[in-house]
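For reference, the chains in residue letters:
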Amino acid sequence: MENENPIKQVMLTGDRPTGPLHIGHYVGSLRMRVELQNEGKFDEMFIMIADTQALTDNAENPQKVRDNVIQVALDYLAAGIDPNKVTIFVQSRVPELAEFSCYFANLVTLARLERNPTLKTEMGMRGFGSSLPVGFLNYPISQAADILMFGTTIVPAGEDQMPMVEQAQEIAHKFNSVYGNVFIEPKIMVPEKALCRRLPGIDGKAKMSKSLGNAIYLSDDEKTVTKQVMSMFTDPTHLQVSDPGHTEGNPVFMYLEAFATDEHFAKYLPEYKNLEELKAHYQRGGLGDVTVKRFLAKVLNDILEPMRQRRRELENDIPAVYRILEEGSKRAAEVASYYGFRAKRAMGINYFEDKKLIEKQQKAFKRKHEEADKLAAYLAQSKK
Ligand code: ATP
Ligand code: MG
């Protein structure tokens with residue numbers, strides 16, 4: 001029999017189509033995906049547009065989700081994802097994902113879900129209170145299905161996804177021990193630089209997020225990026241240029257840490273060799289926020305400009321982008337149905353495909369009838 005669990009290296013990750021992608025997504029996951037794609041070490045790579053998940057807290061606003069599917073797809077392609085190397089697909093177009101969310105829900109307790117720290121924060125942020133949609137509470141389980149149904153080994157994502165991947169590992173483990181070995185326990189891959197695992201918002205809040213309106217989008221034009229950077233929070237104690245400033249916890253320096261290279265210094269701020277020198281000057285005093293912000297705006301625009309250009313070209317042929325999603329969704333559905341078939345067989349809910357089961361059931365009924373007939377014959381005999 002062929003090995004049904006070949007150790008294949010499979011990458012899967014995704015984004016909610018609740019808005020276009022921002023620079024937090026870029027450093028947290030997207031940049032890594034492009035690098036992994038170009039290294040070519042994975043046997044298969046999947047990127048999912050999580051529309052089903054986006055609907056868990058946008059049920060009454062499906063138009064928002066619908067419109068952002070294409071925005072997110074354009075962002076992927078503009079950032080350098082190559083659809084010939086990576087399967088880009090739409091979550092709702094793969095029925096096994098919804099189906100297995102349902103089976104996996106039986107393997108997780110409510111208490112376990114409520115312990116998920118990311119979920120707790122997100123529920124608080126949305127102020128659900130007692131109107132919490134069950135679907136939202138359930139999304140870590142649904143996300144486990146997204147991951148497990150493709151035999152995923154690696155999930156490149158930001159820090160907020162750690163509890164989600166842990167939940168997926170637990171479900172795989174539980175399923176395998178109850179029903180038999182089908183699913184692979186995935187691992188998360190977070191960016192090397194701690195700061196890139198959770199980029200703060202331009203308002204200095206803990207996380208840049210589409211839902212918080214504190215983001216710089218990959219598709220923002222040059223002017224908007226510059227305006228957003230100029231409005232950023234810095235060190236509140238750095239009032240005069242001559243004052244010594246703090247670089248730690250200062251979002252402008254955090255962004256520089258995430259994005260600026262020595263080449264950027266050579267190109268736009270040659271008075272300094274690197275970020276260390278710039279930081280040292282800021283800490284000493286005598287370096288104004290405006291100078292630092294102008295540099296950051298140039299760095300970001302330098303990184304975003306090639307993406308903007310690619311996006312413009314892609315926007316001229318929107319049907320082609322939808323075709324990429326449609327083809328990708330078909331391919332994803334094929335892979336998920338393979339895991340779905342094996343999982344349903346392990347669970348014993350493959351009633352029609354299991355010929356042995358049908359024969360066994362037939363034999364049992366036959367035996368029952370024979371025994372009943374024998375008993376009836378015996379009783380008839382003994383009455384005589
Ligand atoms: P929403 O507010 O709708 O949840 P979001 O901005 O949090 O949107 P997601 O689609 O939930 O974005 O996240 C997609 C991916 O991007 C995940 O891997 C997540 O870890 C990563 N990510 C999101 N925001 C950041 C951030 N600020 N810094 C680093 N990574 C991030
Ligand atoms: Mg999120």
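Heads up: the structure comes first, above all this text.
Not measured: the values here are computed from a predicted model.

> Go over the layout of surface pockets with me, naming the residues and quoting the values.
As a volume, the largest pocket reaches approximately 870 Å³. Along its surface, the largest pocket is lined by 45 residues, and His-25, Glu-122, Asp-160, Gln-161 and Lys-207 are the ones closest to its centre. Looking at the lining of the largest pocket, the elements with two or more residues in it are strand S1 (10-15), helix H1 (23-39), helix H6 (117-126), helix H8 (139-148) and strand S4 (154-156). Broken down by element, the residue count for the lining of the largest pocket peaks at 6 residues, all from H6. Across the lining of the largest pocket, the residue classes break down as 16 nonpolar, 16 polar and 13 charged. What lines the second largest pocket is Asp-51, Arg-66, Val-69, Val-90, Ser-92, Arg-93, Tyr-322, Leu-325, Glu-326, Ser-329, Lys-330 and Ala-333. Listing elements by their share of the lining of the second largest pocket, those giving two or more residues are helix H3 (62-79) and helix H15 (318-347). Here the element with the most residues in the lining of the second largest pocket is H15; it accounts for 6 residues.

> With reference to specific residues and values, describe the pairing of strand S2 (residues 44-49).
The buried fraction of S2 amounts to 6 of the 6 residues, a majority that puts the element mostly inside the structure. Side chains Glu-44, Phe-46 and Met-48 project from S2 onto one buried face, and the interleaved Met-45, Ile-47 and Ile-49 project onto a second face that is buried too. Two elements, S1 and S2, share 6 bridges in a ladder whose sense is parallel. Counted as the bridge partner of Gly-14 is Met-48 from S2. For the crossover that starts at S1, traverses H1 and ends in the parallel S2, the hand is right-handed. Where S2 and strand S3 (residues 87-90) come together, 4 bridges link them in parallel fashion. By the bridge assignment, Ile-49 is partnered in S3 with Val-90.

> Give a description of the site of ligand 1 that names residues and reports values.
The environment of ligand 1 is made up of 22 residues, and the closest members are Thr-18, Asp-160, Lys-207, Ser-209 and Ser-211. Between ligand 1 and Thr-18 there is a distance of 2.7 Å, counted from an oxygen atom to a side-chain nitrogen or oxygen. Ser-209 places a polar side-chain atom, nitrogen or oxygen, 2.7 Å from an oxygen atom of ligand 1. The fraction of the free accessible surface of ligand 1 (600 Å²) that becomes covered by protein chains is 97%. Taking a 2 Å distance to the grid points as the criterion, the majority of the atoms of ligand 1 fall inside the largest pocket. When residues of the shell around ligand 1 are traced back to their parent elements, those giving at least two are S1 and H1. At 3 residues, H1 tops the list of elements feeding residues into the shell around ligand 1. In terms of residue class, the shell around ligand 1 is built from 4 nonpolar, 10 polar and 8 charged.

> Any details on the environment of Phe-128? Residues and values, ideally.
Inspection of the secondary structure puts Phe-128 in the loop between H6 and helix H7 (134-137). With 182 residues separating them along the chain, Phe-128 and Arg-310 place their C-alpha atoms 39 Å apart. Leaving out residues up to four positions away in the same chain, Phe-128 has contacts with Asp-57, Met-123, Pro-133 and Phe-136.

> Hey, could you go over helix H9 (residues 162-179) for me, with residue numbers and the actual values?
Over its 18 residues, H9 extends 26 Å from the first C-alpha to the last, a length consistent with the 26 Å expected when each residue adds 1.5 Å. Once H9 finishes, Gly-180 follows within two positions and takes phi at roughly 120 degrees, a positive value.

Reading the values: the criteria
Residues numbered from 1 in each chain as written. Chains lettered and ligands numbered in written order. Predicted model: local features only at pLDDT ≥ 70, side-chain atom pairs only at ≥ 80, totals over all residues. Heavy atoms only, no water. 1 Å grid on protein atoms, 1.4 Å probe; cavity = no way out; pocket = protein on both sides within 12 Å on 5 of 7 lines; lining within 4 Å. Points joined across faces, edges and corners; volume = space filled by probe spheres on them. Helix = DSSP H or I, 4+ residues; strand = E, 2+ residues; numbered from the N terminus. Nonpolar A, V, L, I, M, F, W, Y, C, P; charged D, E, K, R; others polar. Buried < 20%, exposed > 50% of the residue type's maximum accessible area, 1.4 Å probe, protein only. Pairing = 2+ DSSP bridges. Right-handed = clockwise from strand over helix to strand, strands pointing away. Near = heavy atom within 4 Å. Polar contact = N/O pair within 3.5 Å; in protein donor to acceptor, adjacent residues only side chain to side chain. Areas by Shrake-Rupley, 256 points an atom, 1.4 Å probe, with all protein chains shown as cover. Sits in = over half its atoms within 2 Å of the grid points. Contact = heavy atoms within 4.5 Å. Expected span 1.5 Å × (residues − 1).

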